[in-house]
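# Residue-level structure breakdown
Residues per chain, in single letters:
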Amino acid sequence: MEQIHHYIAGRLVPGESGRRGPVYNPATGAKTHEVDFATPGEVDAAVAAAGAAFPSWRATSLSRRAEILFSIREVLDAHRQDIAAAITAQHGKVLSDAMGEVARGLENVEFACGIPEHLKGDFSEQASTGIDVYSIRQPLGVVVGITPFNFPAMVPMWMLANAIACGNTFVLKPSEKDPSTAMLIAELMHDAGLPDGVFNVVNGDKVAVDTLLAHPAVQAISFVGSTPVAKAIHETATRNGKRVQALAGAKNHMVVLPDADIDMAADAAVSAAYGSAGERCMAISVVVAVGSVGDRLVDAIARRLPSIRIGDGLDPASEMGPLVTREHRDRVASYVDSSAAQGATVVADGRRDPAYDKPGFFLGVSLLDHVTPEMACYRDEIFGPVLSVVRVDTYEEAVRLIQENPWGNGAAIFTRDGGAARRFQFEVDAGMIGINVPIPVPVGYYSFGGWKNSLFGDTHMYGPEGVHFYTRAKVVTSRWPDPATSSIDLGFPSTR
Ligand code: NAD
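Everything numeric here is computed off the predicted structure, so don't read it as measured data.

## A word on helix H2 (residues 62–78)
For an α-helix the count is 3.6 residues per turn, leaving residues at separations of three or four pointing the same way. Over its 17 residues, H2 extends 24 Å from the first C-alpha to the last, a length consistent with the 24 Å expected when each residue adds 1.5 Å. Regarding H2, the residues found buried are Arg65, Ala66, Ile68, Leu69, Ile72, Arg73, Val75 and Leu76. Its buried side turned inward, H2 meets helix H1 (40–59), helix H3 (80–91), helix H4 (95–113), helix H5 (115–118), helix H6 (154–165) and helix H7 (180–191).

Spelled out as structure tokens, the structure:
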């Protein structure tokens, strides 16, 4: 059984606790690896390595840091296939989707290559007579990323690219379900010339996370994962004086107005609900069919389902892979029964798919119609290939559903009416809006984040807000007067 260790100060460090977790190939169901779970002492060693690397890394010139980021970009780009294969082997998503994940992650590294531009401050000459005022942004020190299983390459890249570009040093605690991708990225960044200790990986569970949250040398925590954990991490880490951004769960609605192109809306709903087996925080999990569109839309979605090819992510013919673990697969499948018992119409049941009987953690696609907000399948984040359809009479009812939902990651509208789309964008409480776009993940030079229970903290991730999160401001007021003009003045300094 292959072991997955930690990556500290530029080398692999075996865990000594003896505590380990299983890592599976979800397509076969076989346990392929064991991952070490860090002790507080091992976490301490990673933070110490990052702390030791910080003074010289923050003093490294902007042009040298940008040069290393360009080199990281080149090395990661050259290994896209390897990173994607590592993702598929432990997460299960199909290789083409994993390649898409790597591409979206690389966008963040590309953004960070422009760090000399992003860190430019303001300068006000002659703010007062003979006095100049300027602002600079400086790194925080040792910063930490705690990441979920569903994007084992992209979410770490959301964080690490800006963090290190800004001059911080980093400790990553990846998901224990698919940790090998992070280890590969660490080695590739080392090969690209990143100095030892600037990027470290500790593997583990709650013990490692709790140690990081309480560590006095850790300045900031970036978290992405489920809502209960995000909320707890935000509370604990802010109490411990850390800067925190905790991105959380979601229930993304796609509103389809009666004037929408039904085939286009059905294509979008199927792609966004079942891509990556629904294990995306920006997946569409609820379609809100407005007015007369209901029957036609459900019919159009249902007609598309039998042709979705489910299988091993390494098979180029597969369009949807397995779920990440057997327990998660079974939990997702249980929503079909509970929804039926609560009055939903089961249009498609993923357990009937032949893939369900294979040894891996496969589940076919499920479609639930006539779902109401009281049902468990509507209230919970299912995080699997289950799409619920809620039917409403008016646009106002559709928007009310979204507003009353506790999450606010993404929301999409499908319509040909520009006025309705603009009104939706204006009034909906969600951080990312799609207009005829079902998965509106912002490009790397904007920032990603939800509202309400989808984000705890006030800074979104990557892009300009990422640079802001990983730096703090300093304003300098400066003068170079002739000493001969110097005098005592007890008044409060004011401009002249
Ligand atoms: P998770 O919350 O179970 O785990 C996330 C991280 O937290 C992992 O590293 C895990 O080891 C750690 N963790 C888990 N339980 C913990 C505990 N009790 N104490 C301390 N640490 C703990 O999430 P997941 O299942 O890996 O990922 C799926 C979730 O992530 C979904 O809810 C999804 O919506 C969310 N997600 C959100 C975004 C976003 O940007 N908003 C992006 C991707 C995923």
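Right, picking up where we left off after that structure.
## With respect to helix H8 (residues 206–214)
Buried within H8 are the following residues: Ala208, Val209, Thr211, Leu212 and Leu213. Contacts made by the buried residues of H8 are with H1, strand S8 (142–146), strand S9 (169–173), strand S11 (218–224) and helix H9 (227–239).

## So, the pattern of salt bridges
This model, assessed by the stated rule, comprises 25 salt bridges. Between Glu107 and Arg104 there is a salt bridge; the shortest N-O distance is 3.0 Å. In this pair, Glu107 and Arg104 both sit in helix H4, three residues apart, roughly one turn of the helix. A residue is classified by how much of its surface remains accessible, and Glu107, at 22% relative accessible area, is partly exposed. Taking relative accessible area as the criterion, Arg104 reaches 26% and is therefore assigned partly exposed. The partner of Arg304 in a salt bridge is Asp263, with the nearest N and O atoms 3.1 Å apart. Here Asp263 lies in helix H10 (residues 262–274) and Arg304 lies in helix H11 (residues 293–304), a separation of 41 residues in the sequence. Judged by relative accessible area, Arg304 falls into the buried class, the value being 18%.

## What about the domain arrangement of the protein?
When its domains are assigned, the protein resolves into domain 1 (2–248 + 454–476) and domain 2 (252–435). Each of domain 1 and domain 2 was reduced to a C-alpha centroid, and the two centroids are 31 Å apart. For the pairing of domain 1 and domain 2, the buried interface totals around 1900 Å² over both sides, and the portion due to carbon and sulfur atoms is 62%. Between the two partners, domain 1 and domain 2, sit one salt bridge. A salt bridge links Arg280 to Asp97; the shortest N-O distance between them is 2.9 Å. For the interface between domain 1 and domain 2, the tally reads nine residue pairs in polar contact (both at pLDDT 80 or more). Looking at the side of domain 1 that touches domain 2, the elements that each hand over two or more residues are H3 and H4. Residue contributions to the side of domain 1 that touches domain 2 peak at three residues, all from H3.

## Structural notes on the pairing of strand S12 (residues 243–247)
For a regular strand, side-chain orientation follows a simple rule: the groups alternate between the two sheet faces. Of all the five residues making up S12, four are buried; the element is thus mostly covered by neighbouring parts of the structure. Strand direction decides the pairing type here: S11 and S12, joined by five bridges, are parallel. Its bridge partner lying in S12, Ala220 is registered against Arg243. Since S11 and S12 lie parallel, the crossover through H9 that links them has a hand, and here it is right-handed.

## A word on the packing of aromatic side chains
Taken as a whole, this structure holds nine aromatic pairs when the rule is applied. Consider the rings of Tyr24 and Phe361, whose centres lie 5.8 Å apart with planes at 75°: the pair is edge-to-face. Here the residue Tyr24 occupies a position in strand S4 (residues 20–25), and Phe361 occupies one in the loop between strand S15 (345–348) and strand S16 (366–369), the gap between them amounting to 337 residues. Here Phe361 falls in the buried class, since its relative accessible area comes to 2%. One aromatic cluster is present, formed by Trp158, Phe448 and Tyr462 through successive ring pairs. The ring centre of Phe362 lies 5.6 Å from the NZ or CZ of Lys358, which sits over that ring.

## Examining the sheet that holds S15
Spatial ordering of the open sheet is given by S15-S16-S17-S14-S13-S19-S20, a layout of seven strands whose pairing is mixed. The open sheet has two edge strands with one neighbour each: S15 and strand S20 (432–435). The sheet shows a mean angle of 20° between the axes of neighbouring strands, taken without regard to direction. Relative to S20, strand S19 (residues 410–414) runs parallel, the two sharing four bridges. From the neighbouring strand, Ile413 faces S20, where its bridge partner is Ile435.

## Considering the layout of surface pockets
Which parts of space are left empty comes out when a probe the size of a water molecule is rolled across the atoms. Taken as a whole, the largest pocket encloses approximately 890 Å³ of empty space. Together, 42 residues line the largest pocket, and Pro148, Phe223, Gly225, Ser226 and Val229 are the ones closest to its centre. The set of elements that each furnish at least two residues to the lining of the largest pocket consists of H6, H8, S11, H9 and helix H12 (326–341). Among the elements that take part in the lining of the largest pocket, H9 stands out by supplying six residues, more than any other. Class assignment of the residues belonging to the lining of the largest pocket gives a composition of 21 nonpolar, 13 polar and eight charged. Residue assignment places the lining of the largest pocket across two domains, with domain 1 (2–248 + 454–476) and domain 2 (252–435) each supplying three or more. Here the second largest pocket defines a volume of roughly 660 Å³.

## Here we look at the side chain of Asp369
Relative to the helices and strands, Asp369 is located in strand S16. For Asp369, the side chain forms a polar contact with the side chain of Arg391, separated by 2.8 Å. For Asp369, the contacting residues outside a window of four places in its chain are Val298, Ala344, Thr345, Val347, Val389 and Arg391.

## Notes on the site of the ligand
Around the ligand, the structure places 25 residues, and the nearest of them are Lys173, Glu176, Ser226, Ala248 and Glu381. One nitrogen or oxygen atom from the side chain of Lys173 is found 2.7 Å from an oxygen atom belonging to the ligand. Glu176 places a side-chain nitrogen or oxygen 2.6 Å from an oxygen atom of the ligand. The site holding the ligand turns out to be the largest pocket. At the level of secondary structure, the elements contributing two or more residues to the shell around the ligand comprise H8 and S11. Split into classes, the residues belonging to the shell around the ligand amount to 14 nonpolar, seven polar and four charged. Residues from two domains meet in the shell around the ligand; each of domain 1 (2–248 + 454–476) and domain 2 (252–435) gives at least three.

Definitions and limits used
Residues numbered from 1 in each chain as written. Predicted model: local features only at pLDDT ≥ 70, side-chain atom pairs only at ≥ 80, totals over all residues. Heavy atoms only, no water. Helix = DSSP H or I, 4+ residues; strand = E, 2+ residues; numbered from the N terminus. Expected span 1.5 Å × (residues − 1). Buried < 20%, exposed > 50% of the residue type's maximum accessible area, 1.4 Å probe, protein only. Contact = heavy atoms within 4.5 Å. Salt bridge = Lys/Arg side-chain N within 4 Å of Asp/Glu carboxyl O. Domains from an automatic or database assignment. Buried area = accessible area lost by both parts, 1.4 Å probe. Polar contact = N/O pair within 3.5 Å; in protein donor to acceptor, adjacent residues only side chain to side chain. Pairing = 2+ DSSP bridges. Right-handed = clockwise from strand over helix to strand, strands pointing away. Phe/Tyr/Trp six-rings, centres within 6.5 Å; stacked < 30°, edge-to-face > 60°. Lys NZ or Arg CZ within 6 Å of the ring centre and 35° of its normal. Axes fitted to C-alpha atoms, helices over the stretch in contact; angles between N-to-C directions. 1 Å grid on protein atoms, 1.4 Å probe; cavity = no way out; pocket = protein on both sides within 12 Å on 5 of 7 lines; lining within 4 Å. Points joined across faces, edges and corners; volume = space filled by probe spheres on them. Nonpolar A, V, L, I, M, F, W, Y, C, P; charged D, E, K, R; others polar. Near = heavy atom within 4 Å. Sits in = over half its atoms within 2 Å of the grid points.

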